[in-house]
Number of protein chains: 4
Amino acid sequence: MAGSDFGSIFKITTWGESHGAGIGVVVDGCPAGLPLSQEDIQRFLDRRRPGQSPFSTPRKEADRAQILSGVFEGKTTGTPISILVKNENQQSRDYSEIASYYRPGHADYTFDAKYGFRDYRGGGRSSGRETIGRVAGGAVASLLLSRLGIEITAYTKTIGPVCCDMDRFSQEEISRNPVCMPDAAAAKKAEEYLKECMKAQNSCGGIVECVITGVPAGIGDPVFEKLDANLAKAIFSIGAVKGFEIGEGFEAAALTGLENNDSFCAGPFGQITKETNHAGGILGGISDGCPIIFRAAFKPTPSIAAPQKTVKKDGTPITVSIKGRHDPIIVPRGVVVVESMAALTLADMMLANMGTRLSSIEDFYRR
Amino acid sequence: MAGSDFGSIFKITTWGESHGAGIGVVVDGCPAGLPLSQEDIQRFLDRRRPGQSPFSTPRKEADRAQILSGVFEGKTTGTPISILVKNENQQSRDYSEIASYYRPGHADYTFDAKYGFRDYRGGGRSSGRETIGRVAGGAVASLLLSRLGIEITAYTKTIGPVCCDMDRFSQEEISRNPVCMPDAAAAKKAEEYLKECMKAQNSCGGIVECVITGVPAGIGDPVFEKLDANLAKAIFSIGAVKGFEIGEGFEAAALTGLENNDSFCAGPFGQITKETNHAGGILGGISDGCPIIFRAAFKPTPSIAAPQKTVKKDGTPITVSIKGRHDPIIVPRGVVVVESMAALTLADMMLANMGTRLSSIEDFYRR
Amino acid sequence: MAGSDFGSIFKITTWGESHGAGIGVVVDGCPAGLPLSQEDIQRFLDRRRPGQSPFSTPRKEADRAQILSGVFEGKTTGTPISILVKNENQQSRDYSEIASYYRPGHADYTFDAKYGFRDYRGGGRSSGRETIGRVAGGAVASLLLSRLGIEITAYTKTIGPVCCDMDRFSQEEISRNPVCMPDAAAAKKAEEYLKECMKAQNSCGGIVECVITGVPAGIGDPVFEKLDANLAKAIFSIGAVKGFEIGEGFEAAALTGLENNDSFCAGPFGQITKETNHAGGILGGISDGCPIIFRAAFKPTPSIAAPQKTVKKDGTPITVSIKGRHDPIIVPRGVVVVESMAALTLADMMLANMGTRLSSIEDFYRR
Amino acid sequence: MAGSDFGSIFKITTWGESHGAGIGVVVDGCPAGLPLSQEDIQRFLDRRRPGQSPFSTPRKEADRAQILSGVFEGKTTGTPISILVKNENQQSRDYSEIASYYRPGHADYTFDAKYGFRDYRGGGRSSGRETIGRVAGGAVASLLLSRLGIEITAYTKTIGPVCCDMDRFSQEEISRNPVCMPDAAAAKKAEEYLKECMKAQNSCGGIVECVITGVPAGIGDPVFEKLDANLAKAIFSIGAVKGFEIGEGFEAAALTGLENNDSFCAGPFGQITKETNHAGGILGGISDGCPIIFRAAFKPTPSIAAPQKTVKKDGTPITVSIKGRHDPIIVPRGVVVVESMAALTLADMMLANMGTRLSSIEDFYRR
């Protein structure tokens, strides 16, 4: 099945394996007239690039984005934008051994079960490098959204047992520490914890939180294409995500109606708003004008050097120790992927929303 | 935007408002030859019908399913199956007042923000009755899946602070108590808690857990159409759901790789399986042959009789008390909706999977 | 495969068989605020209703449209509009015999080949009654388009050997004669020809032409979603259509570039237009502001009373004479179906077009 | 709107402009295990390459296909296949002048009307080079189909006034003459006619016919996703196509039912077949097991050196003479594009068909 595209009006199609010629994305449906350069995309890609901290793999991946189509004289033309990132630092010999067995926590076995065989080099299509296409596409979506006054900010909320204190939240801090936490003290502790994990040849998980501001009320559809449902799919399509929640999320299950309901009130400019935001900015699948807040749980990196039991393709039990260059945690590099998937979802739904009312359509075509 | 369909190969389109002529679904893409009767659908609908316990609204909704097309001589023909449930017990006068203000926790405001006005009677399209179409469609999907050896079981895991003890799990118990818990002792406590909520004119939330057995390894797609991503969207498209997690879910964020990874091993029949199932039956977006286990967090019913602050359409603050017939909790009636959405997702992905390997296609067309 | 829907933003899903409980359509994605009544739909349905002329089957099909959802206080709400037409005059006994053999020119054999069996009563899903859902949906699309100044007019251009003289074109004449020709003299001749066909227990084909005015330049997409490509699919999805052409159509293959190219010129209001319209209003898949003109070739009605050779399901040769109530020609009743499919296509593409330019999106969201 | 993909299960997404960095396609949904090399794709691309005959532009475009992903150890992996063809011989200076005016018969004006501006170099996205992506994708689809016994052959049927005599049909002849006609005598005449056109600084149109053999009965859907409707869209999405017909096509409109109906009969191996094939291999939108035969009308190349009237962007009238390297006819190079689009359509519908019957699905999953 064709399953490599995301979105319907603003759509991306990604391709590429860890150890093939490259990784890429085709962004289709981007409106004409958006200023776009390779640097705009590179800024996003650089945030997911490895080799920038002691907790990310020391691979040197330049990951340079090339725009091959869809931009003319510095602006998008409305036709598909093809973006290519060549694979340059792949070392296939590192991975030759894993062809014969199934790594715990990886998609090796399920790929074989589905397709009959797999490109085993570096995880192939299920490698973390697959997210390059998402981030390049997300960069374009983010630029579009920022033209509409929408900003998306994600950060690490927890790493293993270490949780940020939101009273110490600092937006600037997010890009200052290698774990992308908005709380410098928590970041310190998280770094300590990660060093222990690495020493133990182990890894750990964490939670990313994402806040989206500037979304007008009325975005999203009331039944299957709920804005939160599409965000859920978008975020869950990122490898390693095991949970998604919005607003109070799982906590809401333990609350009462009186505790969880947000009272509507008149805002400072006479507009209608809410006194609290337990809902996380979405009611009945449609944005309510308050900030959209969601969280994603990432599992620990499955590739660890500590010995683990598993089987060969023929079922023979063996003990393996995954060598190579692996992050002890996925979360900090996942932050920009979360932002990208949120941007892609929102860009698509903002465009889809334009034909909702007859009066808007009449206005549009009468100009 | 057209957002009332779900699925791509096995697809449903739902329609209908709480107080219109009826609610319905068109099931398109169901394979030809599946035995199907109105009773098959009714069995599912009866599980979501209100008026069956002290904790569900005392409305008497017969909710009789009529099959209008797509079945001939007791079997599906491969053409669309139209199912109609007439609205019969709607009392529009109950709802006339709410036209003027925005109920906290409901989609009243967001519908107005999106469409400019709304069918305010009983919540209109965002009413819980909208799930009738999902359940009728889910009944067809479940019948198809059971022909392939797949069974889906959902149940209430928590209600407010009350959580089932899974050591006391009993499948039969689920349908015996009014809260659909698999643990009789917890069910008792939950009933007590719900009575307190009702006395306080309040409501509460809860968590539904769902287990799917019999899914072969290899179902789902590795990138955007991950099986868990599609389940996440399916479940999040149910009104009131605020969180979704699979396997260890949010707990995985606090685990280490050694704790969370599942070792592969040889199963009793020589097949490859896993020693544990922290992953919840899906690796890299593709089923691994183990049971699929996920959870959905439902917020408390927003309609409560206790007084709440809100605003009128023009922003004037008022205090309201939502009258009418409302469940103090959504969860027990949501159980069959969760099963239905899981069945629809899985039926679609099982069909999508058939064209994955050249050898299967050659076999199929050479017969 | 789910194949019963058409469109992506403005979308219809049709269902129903000739002899089931009814025929229906769900219109999803219609903007909120469009005034819509059952009478609006009925007017379109009445144009395809049989029993109105000597050349249409004498069946008395009331074909009353009921709107079951999506309209509140006389206006569309933006949620799906479910329209039901009950089957009331079906006589299953007429069709019992045809269960055993394959009618020439019909889909009996191909349905069996695809699904393994078929609802043989009156053609089942491949009956002409299937178009009721298209016409009901097309009525909604046409209403929307007329709000935008777009009018669609189809008429019979040829019947068998009889062709309209376009110099005698009269819009009013189309609804005055039973063959829907805009040329009264040709209509007379066509009626004579049809009487001969009926006497000979035979049938004949014809060509429908359709003109769409008021479409602004810029609608349609340059590659796969060309406006003409989508019209081609829409029209070819009508049973019995064997050819589709736009502008000069097949004639263009015999022309030179100098003959076929349309010179651009300045129009009366300074706008850019074309001196001629060989292109039929579309260049590079995108509307150019001139009238869109296309033609569809309909094959002769396959159901004829004259004896024909065919086979039983087991291959035994037999001679059959198709009894029952059949039109000697499909074309006049097909005229409104052509208009409907054109309206559905155009409504969808008009909505899709709204997100084409960044400046429009900025304007839309800044209001 | 995203409109650069085609197909739903076997899907291509194309990108690229005439004078950008390159042209490409992502083929998604191709089954795993299909042997595929760059040479396989090159063979198809070479058939549409210019510079091979006196009637195609003398540009030297190497058009070398590179496979960037989705193939491992010589076989498709089931993940997206990205194919890149770099633009190497583009001369932007040739096109600088046309930025200021609208070429007759081209999409210059409609692009401006839609997007507000355009990449005017060599036609940008509406250039004939856009078909490179289709042909590369079509090569993959054709390889898949040939594994299922399906062969697609297209050829030039007419060029201007010259029409092939089908009694002289020779499959080998198609690739022997520069106009791709299966009749050597007609090819000679067509070459003479083309030379005259070139001398007159003019161009001409023609008709391509396509025959598909080996398609089993039962492929296609009965309503909107008719096999012929999808072929119509596929072929009409090729720039310059103005007409599409299947079987008798427009001729059917002048026939009677007795003339046009095909009698079913028992075939040599006891299978059911038809005595004639007026239907062109499709009944009710579903293949009937006979060869599928369709025709496409191509308009004359709009780029001609003879002087033509048109306007500048501001409406000022001018006379232009299109210089540069242009084919006097599109048809011979369009032959492989027609085959490609037919292959893409059919591959998609063959895969979609696999889930049609419950019994097949049960067989598939019980193995």
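Predicted, not measured: the structure shown is a model, and the values here were computed from it.

Before going further, it helps to examine the relation of the copies chain C and chain B. Of the transformation superimposing chain C on chain B, the axial component is 0.0 Å and the angular component is 180°, with the fit at an RMSD of 0.0 Å. Look at the turn and shift together and you get a two-fold axis relating the two. Residue T13 of chain C, judged by its C-alpha, is the member of chain C lying nearest the rotation axis, at 3.8 Å. Counting the interface residues of chain C, we find that 100% of their copies in chain B are interface residues as well, pointing to one common contact surface.

All right, on to the pairing of strand 8 (residues 151-159) of chain B then. All names here are of chain B. Most of strand 8 is tucked away, with 8 of its 9 residues classed as buried. Both strand 8 and strand 10 (residues 206-213) contribute to a ladder of 8 bridges, which runs antiparallel. Opposite T156, over in strand 10, you have V208 as the bridge partner. Sheet topology note: the strand 8/strand 9 (residues 162-163) ladder contains 2 bridges and is antiparallel. Each residue of the ladder has a partner; that of I159, found in strand 9, is V162.

Most of helix 2 (residues 108-115) of chain D sits inside the fold, with 7 of its 8 residues counted as buried. For helix 2 of chain D, the complete set of buried residues consists of D108, Y109, T110, F111, D112, K114 and Y115 of chain D. In the core, the buried residues of helix 2 of chain D are packed alongside strand 12 (264-266), strand 13 (272-274), strand 14 (282-283) and strand 15 (286-287) of chain C. Phi for G116 of chain D, located one or two positions after helix 2 of chain D, is positive at around 95°.

As a further point, take the interface of chain C and chain B. Contacts between the two partners involve 42 residues from chain C, matched on the other side by 42 residues from chain B. Taking both sides of the interface into account, the surface hidden between chain C and chain B amounts to around 3100 Å²; carbon and sulfur atoms contribute 64%. Among the residues of chain C in contact with chain B, W15, F72 and F117 of chain C are the three that bury the most area, contributing 20% of the side total. The tally of links between chain C and chain B comes to 2 salt bridges. The tally of links between chain C and chain B comes to 14 residue pairs in polar contact (both at pLDDT 80 or more).

Now for the pattern of salt bridges. All chains considered together, the criterion is met by 104 salt bridges over all chains. The partner of D108 of chain B in a salt bridge is R118 of chain B, and the shortest N-O contact between them spans 3.8 Å. Linking D108 of chain B in helix 2 (residues 108-115) with R118 of chain B in the loop between helix 2 and helix 3 (131-147), this pair joins segments that are 10 residues apart in sequence. Here R366 of chain B ties to E362 of chain B by a salt bridge, and the two come within 3.7 Å at their closest N and O atoms. A residue pair is termed a helical-turn pair when its members lie 3 or 4 positions apart in one helix, as R366 of chain B and E362 of chain B do in helix 8 (residues 358-366) at 4 residues. Judged by its relative accessible area of 8%, E362 of chain B is buried. Each of R103, D108, D112, R118 and K313 of chain A takes part in salt bridges that share partners, so that together they form one network.

Right, let's get into the sheet that holds strand 3 (residues 22-28) of chain C. All names here are of chain C. Reading across from one edge, 1-2-3-7-4 is the order of the 5 strands in this open sheet, with antiparallel pairing throughout. Where the open sheet ends on each side, the last strands, each with one partner, are strand 1 (5-6) and strand 4 (65-67). Alignment of strand 1 against strand 2 (residues 11-16), held across 2 bridges, turns out to be antiparallel. The residue bridging F6 from the neighbouring strand is I12, located in strand 2. Packing against the sheet, helix 1 (residues 38-48) makes contact with strand 4 and strand 7 (81-86), and its axis sits at approximately 150° to strand 4.

Here we take up the interface of chain A and chain B. Residue-level contacts link 106 residues of chain A with 106 residues of chain B. The contact between chain A and chain B buries some 8400 Å² in all, and 62% of this surface belongs to carbon and sulfur atoms. It is M1, K114 and F224 of chain A in chain A that bury the most area against chain B; as a group they hold 11% of the surface buried on that side. A salt bridge links K309 of chain B to E275 of chain A; the shortest N-O distance between them is 3.4 Å. Remark: the boundary between chain A and chain B carries 47 residue pairs in polar contact (both at pLDDT 80 or more). At 7 residues, helix 2 (residues 108-115) of chain A tops the list of elements feeding residues into the side of chain A that touches chain B. Its residues assigned to classes, the side of chain A that touches chain B comprises 51 nonpolar, 32 polar and 23 charged.

As a further point, take the packing of helix 1 of chain C against helix 7 (residues 331-352) of chain C. Residues and elements named next belong to chain C. Contact geometry of helix 1 with helix 7 gives a least axis separation of 7 Å together with a crossing angle of 140°. In terms of orientation, helix 1 and helix 7 fall into the oblique class. Along the contact surface, helix 1 presents F44, R47 and R48, while helix 7 presents R333, V335, V336, E339 and S340. Residue composition of the contact of helix 1 with helix 7, grouped by class: 3 nonpolar, 1 polar and 4 charged.

Mapped onto the fold, T110 of chain D is located in helix 2. Given a relative accessible area of 0%, T110 of chain D falls into the buried group. At 3.0 Å, the side chain of T110 of chain D forms a polar contact with the backbone oxygen of L283 of chain C. Discounting residues that sit within four places of it in the chain, T110 of chain D has contacts with G218, L283, I286, S287 and D288 of chain C.

Let us look at the packing of aromatic side chains. Geometry of an aromatic ring pair is reported as the spacing of the ring centres plus the angle between the planes. All chains considered together, the criterion is met by 42 aromatic pairs over all chains. With a centroid separation of 5.2 Å and an interplanar angle of 40°, the aromatic rings of F244 of chain A and F294 of chain A are classed as tilted. A residue pair is termed long-range when its members are at least 10 positions apart, and F244 of chain A in strand 11 (residues 241-246) and F294 of chain A in strand 16 (residues 292-298) qualify at 50 residues. In this structure F244 of chain A comes out as buried when scored by relative accessible area, which is 0%. Of the residues examined, F294 of chain A reaches a relative accessible area of 0% and is grouped as buried. Taking the ring centre of Y115 of chain B as reference, the NZ or CZ of K114 of chain B above it sits at 5.7 Å.

Residue and element names in this part refer to chain A. Cross-referencing UniProt, the feature "binding site: FMN" (unreviewed entry) maps to R125, S126, S127, G284, K299, P300, T301, P302, S303 and R325 in the present numbering. The largest pairwise C-alpha distance within this set of annotated residues, which runs over 201 residues, is 44.1 Å, so the set is dispersed in three dimensions. Within the fold, S127 resides in the loop between helix 2 and helix 3 (131-147). Here S127 falls in the buried class, since its relative accessible area comes to 11%. Along the chain, S303 falls in the loop between strand 16 and strand 17 (308-311). Those residues in contact with S303 that sit more than four places away from it in its chain are R103, H106, I322 and H326. A distance of 2.7 Å separates the side chain of S303 from the side chain of H106, its partner in a polar contact.

Rules used in this analysis
- Residues numbered from 1 in each chain as written.
- Chains lettered and ligands numbered in written order.
- Predicted model: local features only at pLDDT ≥ 70, side-chain atom pairs only at ≥ 80, totals over all residues.
- Heavy atoms only, no water.
- Least-squares fit on C-alpha atoms with pLDDT ≥ 70 in both.
- Contact = heavy atoms within 4.5 Å.
- Buried < 20%, exposed > 50% of the residue type's maximum accessible area, 1.4 Å probe, protein only.
- Helix = DSSP H or I, 4+ residues; strand = E, 2+ residues; numbered from the N terminus.
- Pairing = 2+ DSSP bridges.
- Buried area = accessible area lost by both parts, 1.4 Å probe.
- Salt bridge = Lys/Arg side-chain N within 4 Å of Asp/Glu carboxyl O.
- Polar contact = N/O pair within 3.5 Å; in protein donor to acceptor, adjacent residues only side chain to side chain.
- Axes fitted to C-alpha atoms, helices over the stretch in contact; angles between N-to-C directions.
- Nonpolar A, V, L, I, M, F, W, Y, C, P; charged D, E, K, R; others polar.
- Parallel < 35°, antiparallel > 145°, perpendicular 65-115°, else oblique.
- Phe/Tyr/Trp six-rings, centres within 6.5 Å; stacked < 30°, edge-to-face > 60°.
- Lys NZ or Arg CZ within 6 Å of the ring centre and 35° of its normal.
- UniProt positions renumbered as here; feature names shortened; annotations may be inferred.

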